[in-house]
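So the chains spell out like this:
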Amino acid sequence: METKAVKEKSLEDGRAAMAACYQGFDPAAYLQYNYTPPRADFCRRDSIVPWKLGCLHRAFTEEDITGGVLVDVGSGPTLYQVLSGCEVFERLVLTDFLEVNRRELRGWLQEQGKSSLDWTPYLQHVCKLEGRGVSAWSEKAARLRAVVSDVLPIDVHCPQPLAPGALPSPGADCLVSSFCLESVSADLEAFTRALGHIGGLLRPGGHLLLIGALGESFYLGGPGVQIPVVPLDEAQVCGSLRESGYTLIRMEVYTLPPDMRVGVDDVSGIFFVKARKD
Ligand SMILES: Nc1ncnc2c1ncn2[C@@H]1O[C@@H](CSCCNC[C@@H]2Cc3ccc([N+](=O)[O-])cc3CN2)[C@@H](O)[C@H]1O
């Protein structure tokens, strides 16, 4: 029979091992692997990034999401996940575990062109989804820079993932999180616990928009930096949501065509979840 102390120790060891894996994370390489063609090809209807942007656009523009505070959990070095939300929310908080990623985000927020990836095609694509001319991309960039209030450290394995006082007391009105929880959790139990922890950042009735990998067991966080991922299927994601206090509104699934499997991970599919905190 495992004592409480032994279980706590093994949990802590697992977190430390995962944190050690992330010390070699290379934002520029990661962006190159996942956010350039073919995975980010705006001329291909079956490319992954346009699919993700479409899911986010639809979810953020439905009438049940009405603004307030949006928190992006585990932003990494990417901004695509908040390009629709930034039009609806007055305050946006970006977060990540690594200073290298927070620096990458601040680089774009503070200065034109000071980032490892040109986000202009992403801004233009989302403007098109919104029925605006692609030339509105610079207005969208200005809006995003205006509503981001903080770029904060976060650890989803902590019951309080953000520093005390980081958010207003009722909690955020909406969370978005993309490819984070399954990539930092050693097993399904840890994934479910992390879902519960981030739920503590959200007010009751608030929404969770969750994008994640299906069937992924590893990914490259940089040249030679292989990071373990807990492989998930749709039923496990739905069960974890239910167990951690969410009501599923819908799940959409994308299956990777063969030429989207480029060797930087072994992901087989992607899920998009819209859920509400009970
Ligand atoms: N304890 C922690 N708490 C919060 N965040 C943490 C913690 N530890 C690390 N982090 C933070 O979480 C990380 C988030 S990036 C995770 C990448 N996920 C896997 C990757 C993503 C991806 C992208 C695109 C496509 N596609 O098909 O187009 C597929 C895939 C599948 N592979 C990283 O920012 C780290 O800094």
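Quick caveat, the model's predicted, so the values are computed rather than measured.

Enquirer: Quick question: what am I supposed to make of the overall build of the chain here?
Expert: Tallying secondary structure elements over the chain gives nine helices and nine strands in all. Taken along its principal axes, the extent of the C-alpha atoms in the chain is 65 × 40 × 35 Å. Within the chain, buried positions represent 55% of all 278 residues. A separation of at least 24 residues holds for 72% of the contacts in the chain among residues at least 6 apart in sequence. As presented, the chain carries roughly 11,700 Å² of accessible surface, and 55% of it is formed by carbon and sulfur atoms. With 27 positive and 35 negative side-chain charges, the chain shows a separation of 3 Å between the mean positions of the two kinds.

Enquirer: Would you explain the site of the ligand in this entry?
Expert: Neighbouring the ligand are 24 residues, the closest being D96, D155, F179, S183 and E216. Within the contact set of the ligand, a nitrogen atom lies 3.0 Å away from a backbone nitrogen or oxygen of F179. When the ligand sits alone it has 750 Å² of accessible area, and the protein chains cover 99% of it. Secondary-structure elements contributing two or more residues to the shell around the ligand are α2 (27–34), α3 (48–60) and α7 (181–184).

Enquirer: Just checking my understanding: could you explain the packing of aromatic side chains for this structure?
Expert: Tallied over the entire structure, the rule returns nine aromatic pairs. For the pair F25 and Y30, a centre-to-centre distance of 5.1 Å together with 45 degrees between the ring planes defines the contact as tilted. Pair check on accessibility: F25 and Y30 agree, each one buried. Of the aromatic side chains, those joined through ring pairs into one cluster are Y22, F25, Y30, Y35, Y80 and Y219. Over the ring of W108 we find R145; its NZ or CZ atom is 3.8 Å from the centre of that ring.

Enquirer: Sorry if this is basic, but what is going on with the sheet that holds strand β9 (residues 269–277) here?
Expert: As a general point, the strands of a sheet are linked pairwise by backbone hydrogen bonds and lie either parallel or antiparallel. Strand order across the open sheet formed by seven strands is β3-β2-β1-β4-β5-β9-β8, with mixed pairing between neighbours. Taken across any chain shown, the strands that pair with only one partner, and hence form the sheet edges, are β3 (148–153) and β8 (246–255). Taking the axes of each pair of neighbouring strands and ignoring which way they run, one obtains an average angle of 15 degrees across the sheet. As judged from the four bridges shared by strand β1 (residues 69–73) and strand β4 (residues 172–178), these two strands associate in the parallel manner.

Enquirer: In this structure, what is going on with helix α9 (residues 234–243)? I would like to understand it.
Expert: Since the α-helix advances by 3.6 residues per turn, residues separated by three or four positions end up pointing in the same direction. Residues of α9 that are buried include every one of V237, G239, S240 and L241, and no others. Residues of α9 that are buried in the fold lie against α8 (188–199), β5 (202–214), β8 and β9. Following α9 by one or two positions, G245 adopts a phi angle in the positive range, close to 90 degrees.

Enquirer: Help me understand the environment of L232 in this model?
Expert: In this structure, L232 sits in the loop between β7 (226–228) and α9. Here L232 falls in the buried class, since its relative accessible area comes to 4%. In this structure the C-alpha to C-alpha distance between L232 and L188, which are 44 residues apart in sequence, comes to 7.7 Å. Sequence-distant contacts of L232, that is, excluding residues within four places in its chain, are made with E182, L188, F191, A213, L214, G215, V237 and F271.

Enquirer: Help me understand the packing of helix α5 (residues 120–129) against helix α6 (residues 137–147), please; the structure alone is not making it clear to me.
Expert: Between α5 and α6, the least distance of the axes is 8 Å, while the angle of their chain directions is 105 degrees. With respect to their mutual orientation, α5 and α6 come out roughly perpendicular. Each of T120, L123, Q124, V126 and C127 in α5 lies in contact with α6, whose residues at this interface are W137, K140 and A141. Classifying every residue of the contact of α5 with α6 gives five nonpolar, two polar and one charged.

Enquirer: Please clarify how unusual backbone geometry should be interpreted in this entry.
Expert: Only a minority of non-glycine residues have a phi that is not negative, and only a minority of peptide bonds are not trans. Each neighbour pair has its own omega, and for P37 with P38 the value is 5 degrees, a cis peptide bond. Of note, P38 is situated in the loop between α2 and α3. Here F179, not a glycine, exhibits a phi torsion of approximately 60 degrees, which is positive. With respect to the element layout, F179 can be found in the loop between β4 and α7. Among the residues examined, F179 registers a relative accessible area of 17% and is labelled buried.

Enquirer: Quick question: what am I supposed to make of the environment of Y219 here?
Expert: Within the fold, Y219 resides in strand β6 (residues 218–220). With a relative accessible area of 8%, Y219 lands in the buried category. Once you skip the residues sitting within four places of it in the chain, Y219 turns out to touch Y22, F25, Y30, S183, V225, Q226, I227, V229, V264 and D265. Here Y22 takes part through its side chain, which lies 2.9 Å from a polar atom of the side chain of Y219.

Calculation notes
- Residues numbered from 1 in each chain as written.
- Predicted model: local features only at pLDDT ≥ 70, side-chain atom pairs only at ≥ 80, totals over all residues.
- Heavy atoms only, no water.
- Helix = DSSP H or I, 4+ residues; strand = E, 2+ residues; numbered from the N terminus.
- Buried < 20%, exposed > 50% of the residue type's maximum accessible area, 1.4 Å probe, protein only.
- Contact = heavy atoms within 4.5 Å.
- Areas by Shrake-Rupley, 256 points an atom, 1.4 Å probe, with all protein chains shown as cover.
- Lys, Arg positive; Asp, Glu negative; His and termini not counted.
- Charge placed at Lys NZ, Arg CZ, Asp CG, Glu CD.
- Near = heavy atom within 4 Å.
- Polar contact = N/O pair within 3.5 Å; in protein donor to acceptor, adjacent residues only side chain to side chain.
- Phe/Tyr/Trp six-rings, centres within 6.5 Å; stacked < 30°, edge-to-face > 60°.
- Lys NZ or Arg CZ within 6 Å of the ring centre and 35° of its normal.
- Pairing = 2+ DSSP bridges.
- Axes fitted to C-alpha atoms, helices over the stretch in contact; angles between N-to-C directions.
- Parallel < 35°, antiparallel > 145°, perpendicular 65-115°, else oblique.
- Nonpolar A, V, L, I, M, F, W, Y, C, P; charged D, E, K, R; others polar.

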